[in-house]
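# Coordinate inspection notes
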There are 2 protein chains.
Amino acid sequence: MDMLALEHIRAVLSRLEETIIFGLIERAQFAQNKVIYQPDGVGPLQGKSLFGFMLYETECTHAKVRRYTSPDEHPFNSNLPEPMLTRLTFSDSPLYPNDININDEILPIYQDRIIPRICDQGDDGQYGSSSVNDVQLIQSISKRIHYGKFVAESKYRADPAPFDAFIAARDADAIMCHITFAAVEKAVLDRVYMKACTYSKELNETRINYKVDPEAVRDIYAKWIIPMNKQVQIRYLLGKQCVSQ
Amino acid sequence: MDMLALEHIRAVLSRLEETIIFGLIERAQFAQNKVIYQPDGVGPLQGKSLFGFMLYETECTHAKVRRYTSPDEHPFNSNLPEPMLTRLTFSDSPLYPNDININDEILPIYQDRIIPRICDQGDDGQYGSSSVNDVQLIQSISKRIHYGKFVAESKYRADPAPFDAFIAARDADAIMCHITFAAVEKAVLDRVYMKACTYSKELNETRINYKVDPEAVRDIYAKWIIPMNKQVQIRYLLGKQCVSQ
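The structure reproduced in this document is the subject of the present report. What you see is a predicted model, and the numbers here were worked out from it, not measured in a lab.

This next bit is on the interface of chain B and chain A. The interface is formed by 34 residues belonging to chain B together with 35 residues belonging to chain A. At the boundary of chain B with chain A, total buried surface from both sides reaches about 3,200 Å², with 63% on carbon and sulfur atoms. If you look at where chain B meets chain A, you find 6 salt bridges. On the surface where chain B and chain A come into contact, there are 14 residue pairs in polar contact (both at pLDDT 80 or more). Those elements that provide at least two residues to the side of chain B that touches chain A are α1 (6–28), α2 (50–64), α4 (127–146) and α8 (182–200) of chain B. Sorting elements by how many residues they give to the side of chain B that touches chain A places α2 of chain B first, with 7 residues.

Residue and element names in this part refer to chain A. Within the secondary structure layout, Asn33 lies in the loop between α1 (6–28) and α2 (50–64). Once the C-alpha coordinates of Asn33 and Asp123 are considered, the two residues, 90 residues apart in sequence, prove to be 4.5 Å apart. Once residues within four sequence positions are removed from consideration, Asn33 is found in contact with Gly122, Asp123, Asp124, Gly125, Gln126, Tyr127 and Ser130. One polar contact links the side chain of Asn33 to the main-chain carbonyl oxygen of Ala31, over a distance of 3.1 Å.

On to the relation of the copies chain B and chain A. Expressed as a screw transformation, the operator carrying chain B onto chain A has a rotation angle of 180 degrees and an axial translation of 0.0 Å, and the superposed copies differ by an RMSD of 0.0 Å. As the rotation angle and translation indicate, the two copies are arranged about a two-fold axis. Ranked by how close their C-alpha atoms come to the rotation axis, the residues of chain B are headed by Tyr199 of chain B, at 2.8 Å. By residue overlap, the copies meet face to face through one surface: 100% of the interface positions of chain B are interface positions in chain A.

Before going further, it helps to spend a moment on the pattern of salt bridges. All names here are of chain B. Within this structure, the stated rule accounts for 38 salt bridges over all chains. Note that Glu73 is salt-bridged to Arg67, the shortest N-O span being 2.9 Å. Neither Glu73 nor Arg67 differs from the other in exposure class; each is buried. The salt bridge partner of Asp72 is Lys143, with a shortest N-O separation of 3.8 Å. Remark: Lys143 occurs in helix α4 and Asp72 occurs in the loop between α2 and α3 (103–118); sequence separation between them is 71 residues.

What follows covers the side chain of Glu57 of chain B. Secondary-structure assignment places Glu57 of chain B in helix α2. Those residues within four positions of Glu57 of chain B in sequence are excluded, and the remaining contacts are Thr61 and Lys64 of chain A.

This part takes up the packing of α1 of chain A against helix α5 (residues 148–158) of chain A. All names here are of chain A. One way to put it is that α1 packs onto α5 with a least axis distance of 10 Å and a crossing angle of 160 degrees. Viewed along their axes, α1 and α5 adopt a mutual orientation that is roughly antiparallel. Two packed elements cross with a definite hand, and for α1 against α5 that hand is left-handed. Between α1, through Leu6, Ile9 and Leu13, and α5, the contact on the second element is made entirely by Phe150, Val151 and Ser154. Across the contact of α1 with α5, the residue classes tally to 5 nonpolar, 1 polar and no charged.

Residue and element names in this part refer to chain A. Within the element layout of this structure, Cys60 appears in helix α2. On a C-alpha basis, the gap between Cys60 and Ala174 in space is 39 Å, while along the polypeptide they are 114 residues apart. Every residue in contact with Cys60, bar those within four places of it in the chain, is listed here: Leu80 and Pro81.

Residue and element names in this part refer to chain B. Looking only at helix α7 (residues 172–179), the buried set comprises Ala174, Ile175 and Ile179. Taken down its axis, α7 places every buried residue within 125 degrees of arc, on the same side. Exposed and facing more than 90 degrees away from the buried side of α7 are Asp173 and Cys177. Where α7 begins, the side chain of Asp171 points an oxygen toward the backbone nitrogen of Asp173, at a separation of 3.3 Å.

Our next topic: the environment of Arg170 of chain B. All names here are of chain B. Structurally, Arg170 can be placed in the loop between α6 (160–168) and α7. Residue Arg170 is classed as partly exposed on the basis of its relative accessible area of 41%. When the C-alpha atoms of Arg170 and Ile100 are compared, they prove to be 17 Å apart, with 70 residues separating the residues in sequence. Sequence-distant contacts of Arg170, defined by excluding residues within four places in its chain, comprise Leu238 and Gln241.

Cut-offs applied
Residues numbered from 1 in each chain as written. Chains lettered and ligands numbered in written order. Predicted model: local features only at pLDDT ≥ 70, side-chain atom pairs only at ≥ 80, totals over all residues. Heavy atoms only, no water. Contact = heavy atoms within 4.5 Å. Buried area = accessible area lost by both parts, 1.4 Å probe. Salt bridge = Lys/Arg side-chain N within 4 Å of Asp/Glu carboxyl O. Polar contact = N/O pair within 3.5 Å; in protein donor to acceptor, adjacent residues only side chain to side chain. Helix = DSSP H or I, 4+ residues; strand = E, 2+ residues; numbered from the N terminus. Least-squares fit on C-alpha atoms with pLDDT ≥ 70 in both. Buried < 20%, exposed > 50% of the residue type's maximum accessible area, 1.4 Å probe, protein only. Axes fitted to C-alpha atoms, helices over the stretch in contact; angles between N-to-C directions. Parallel < 35°, antiparallel > 145°, perpendicular 65-115°, else oblique. Left-handed = near helix turned anticlockwise from the far one by under 90°. Nonpolar A, V, L, I, M, F, W, Y, C, P; charged D, E, K, R; others polar. Arc of directions from axis to C-beta.

Here it is as C-alpha cells:
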C-alpha cells in the first residue's frame, strides 16, 4: 500500500471524521464539568487533573504495546514506559525522521475552546465518563491534525520544486499559500457538517434535535483542526531543510 | 432524580444504543485480527492476549478513579487496585447490595460471536486500534447488560406481589415470562436497526453501503444483549430472597 497515495490519505482523513464526530457526540452527552481539568480538582491525583491523569495512564498502557512507535501516533506525555512488545521498525514509513508534536498546543484548545463549544455549561457529576470520552476524543483529534505530515510529504513529492524554493527561503507564508486550497477545505467542511447532521440528529423525535450542534462540529474543523493540520504540514516541510543540510 | 423511573431507565438504555452502535462501527473498520485474542499472541504480555492486557490495564486506571464503586459499573477483572480518590457512597443507590457480574459470560460471546459478526475475516495488522476499540465497546455492552439490575428493581417495585411468589418458589421461568414483553423487545430491535442504518450508511456513495451491517447490529441485540440483560434481571430478582432471609 502506498501510504502517500492521495486516494489513501483522503480515505483515512474522511474515515477519521466519523471517529471524531462520534467522539464529539459521546462527550456532548455530559456537561462541561470543568473540575475534571483542574489539578487535583476531583481529588488527589499526583497533582494531575482527572482528565490529565486518565490521559497519562492511558498513554502508559498504549506505550507498553508500542503505539507511539508508529509514525502516525503522537503522545501528549513524554515520560512514558518502554514497549513490552518488540518495536516495529516502520522501515516503510514515507516520512523523514522527525519529532514534530504539537499536542502541547492541542491540549489547551481542546479543554478551553472545544469542550465549551460542544457541552452544556455546568456540572452533572459525570466526571469519569467525561474523562474517558475526553481521552478518546483528543487522541483522535491529535491523530487527524498530525496526519498533516503525510499530507505534506504527499504534496511535496507530487511537485517538489516550488516547496524546495520556499523551504530554502524559510518562507512559511508562501508554503501556507501553496498548501491551501479553499475549495477543498470548503468541501471538507460541507461534508463534516452533513455527517454531523446525520449522526447527531435524534431519531425518535418529531422536532429536530441534535445531540451535538452540527455548526459547532463544522466550526471545530474550521477554526482548529484544519488550521492546526496545516501548521503541522508547514513545520514538517520546513524541517526538510534540516534533514538535507 | 429517581433512578428507577421508567422514563429515566428508558432514556439511559436508548442513549446507550448510540454508544454501542458507534462502537460497533468503529471496531468494524478493522479486520477480526484473531491474534489479539490469543494469550501472548502479539508478543509477550504476561500471558495475556493483547485485548486482555489492554482491558486489564484500562480497568486498573478506571479502578484508581473509583469507576467500579458505582452500582452501574462492572469490571471484567477482579485483581484491581484500590481507588486513589475517596470512594463515593452511592447511598442513594436503589439496588440491594449485590455482586452479580456476568462479564465472564460476556467476554467469550464478545470475542467468539460478536467480533466475527461485524468484522471482515482475516488480519490487517491493526492490532492496537482494534484492541482499543474492543475495550470501549465491550465496556458499553457490559453496562447495557448489567443495567438489567435497575430494570428489574423498577419492575419489582411497580408490582412486587407476583415477583415475591416466583422468588419464593425459585421459579426462574415464571420470572422470565413476567419480565418479557415481546412488543417492547420488537420496538427496541426496530429502533436499533433504524439507528444502525442511519449511522452506518456511507454518505458519499451512490450505491448504498454500510460500515457495519445493520442486520448484524439487530442480531447482536436480539441474540445476546437483550437475553443477557434478562439473565441479569432474573439473577437480581432471585437474589432478593437471599437478602430478606
